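# Report on the structure
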Amino acid sequence: DAGVTQSPTHLIKTRGQQVTLRCSPKSGHDTVSWYQQALGQGPQFIFQYYEEEERQRGNFPDRFSGHQFPNYSSELNVNALLLGDSALYLCASSRTGYEQYFGPGTRLTVT
Amino acid sequence: AQSVTQLGSHVSVSEGALVLLRCNYSSSVPPYLFWYVQYPNQGLQLLLKYTTGATLVKGINGFEAEFKKSETSFHLTKPSAHMSDAAEYFCAVSDIGSSNTGKLIFGQGTTLQVKP
């Protein structure tokens, strides 16, 4: 049984560009959450998707947007990248009422 | 609002010694609490969780944690450290009213070093 997968593993972008990160949840999971982990920090909640809708959102600007597809996979989009967006982006999936399982993350570097 | 404080950003122990990682939380409602471990260049792996019921929770790899409501603490322990335990450890609390699929609020993390 494959766990949570994320792509790409690493990404380098320039300030002002846009980026899309992808996540495939664990089999049987219907909820996907995204977190940003800056170097030396704990993960910060960005948003959560369930039934293709954003169910919860953290304190992140509108430059951060997402989507969930009918197969429960999800995308995180970040527009107008800033140097401060450099971080490890973690996707977590879960079944309703159960704990979250995390993927390996996508390391985004903005130059 | 809920919050988590991990006391000590860096803990160093000798192999075979007791591991104690401290976590205090703030919550206005009964919390759901979690400990995750992160190895270098990897995602987070769930060690254990507390939702309701027994306050002493056992997890994987010999770790356990005790929920103490009076002290608002959820400290992580392991009787005997192993070299493979060296990693970053995060304590987290689940958002109010969202059970354990709600947003997780993490502490800053504690780096555990195990010396031979």
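Report on the accompanying structure.

### Thoughts on the sheet that holds strand β8 (residues 74-78) of chain A
All names here are of chain A. Strand order across the open sheet formed by 4 strands is β1-β3-β8-β7, with antiparallel pairing between neighbours. Either end of the sheet is taken by a strand with one partner, and the two such strands are β1 (5-7) and β7 (64-68). Adjacent strand axes in the sheet meet at a mean angle of 20 degrees when their direction is disregarded.

### What about the side chain of Q100(A)?
All names here are of chain A. Turning to its location among the elements, Q100 is positioned in the loop between β9 (87-94) and β10 (101-102). Judged by relative accessible area, Q100 falls into the buried class, the value being 2%. A distance of 3.1 Å separates the side chain of Q100 from the side chain of Y35, its partner in a polar contact.

### Some details on the pairing of strand β11 (residues 110-115) of chain B
All names here are of chain B. Burial along β11 is one-sided: the residues T110, L112 and V114 are buried and none of T111, Q113 and K115 is. In this structure, strand β2 (residues 10-14) lies alongside β11, joined through 5 bridges in parallel fashion. Residue S12 lies in a different strand from β11, and its bridge partner there is Q113. Bridge count between strand β9 (residues 87-94) and β11: 3 bridges; the pairing is antiparallel. Each residue of the ladder has a partner; that of E88, found in β11, is T111.

### What about the nonpolar core?
Counting residues in hydrophobic clusters, the biggest one holds 27 residues, and the most contacted among them are W35(B), L48(B), L76(B) and Y89(B). Setting aside anything within four residues of it in sequence, one finds L48(B) in contact with L33(B), F34(B), W35(B), V57(B), K58(B), G59(B), F63(B), E64(B), A65(B), F74(B) and L76(B). Counting residues in hydrophobic clusters, the runner-up holds 20 residues, among them V4(A), V32(A), F47(A) and L81(A).

### Considering the pairing of strand β4 (residues 31-37) of chain A
All names here are of chain A. Most of β4 is tucked away: 7 of the 7 residues are buried. Neither face of β4 is exposed, since T31, S33, Y35 and Q37 on one face and V32, W34 and Q36 on the opposite face are all buried. Where β4 folds back on strand β5 (residues 44-50), the antiparallel hairpin that results is connected by 6 residues, among which G40 adopts a positive phi of roughly 80 degrees. With 7 bridges connecting them, β4 and β9 associate as antiparallel partners. Opposite V32, over in β9, you have S93 as the bridge partner.

### Points about the side chain of T110(B)
Relative to the assigned elements, T110(B) resides in strand β11. A polar atom in the side chain of T110(B) sits 3.2 Å from the side chain of Q6(B).

### Here we look at the state of the cysteines
Tallying each qualifying case throughout the model produces 2 disulfides over all chains. Across a sulfur-sulfur distance of 1.8 Å, C23(A) and C91(A) are joined as a disulfide pair. Judged by the sign of its S-S torsion, about -60 degrees, the bond between C23(A) and C91(A) is left-handed. Of this pair, C23(A) sits in strand β3 (residues 19-24) while C91(A) sits in strand β9, and the two are 68 residues apart along the sequence. With relative accessibility at 2%, the residue C23(A) sits in the buried group. The buried category is assigned to C91(A), whose relative accessible area is 0%. C23(B) shares a disulfide with C91(B); S-S distance 2.0 Å. With the S-S bond torsion at -65 degrees, the cross-link from C23(B) to C91(B) turns out left-handed.

Parameters and conventions
- Residues numbered from 1 in each chain as written.
- Chains lettered and ligands numbered in written order.
- Predicted model: local features only at pLDDT ≥ 70, side-chain atom pairs only at ≥ 80, totals over all residues.
- Heavy atoms only, no water.
- Pairing = 2+ DSSP bridges.
- Helix = DSSP H or I, 4+ residues; strand = E, 2+ residues; numbered from the N terminus.
- Axes fitted to C-alpha atoms, helices over the stretch in contact; angles between N-to-C directions.
- Buried < 20%, exposed > 50% of the residue type's maximum accessible area, 1.4 Å probe, protein only.
- Polar contact = N/O pair within 3.5 Å; in protein donor to acceptor, adjacent residues only side chain to side chain.
- Core = buried A, V, L, I, M, F, W, Y, C linked by side-chain atoms within 4.5 Å.
- Contact = heavy atoms within 4.5 Å.
- Disulfide = S-S within 2.5 Å.

So far we have only geometry, and geometry alone does not tell us how the molecule works.
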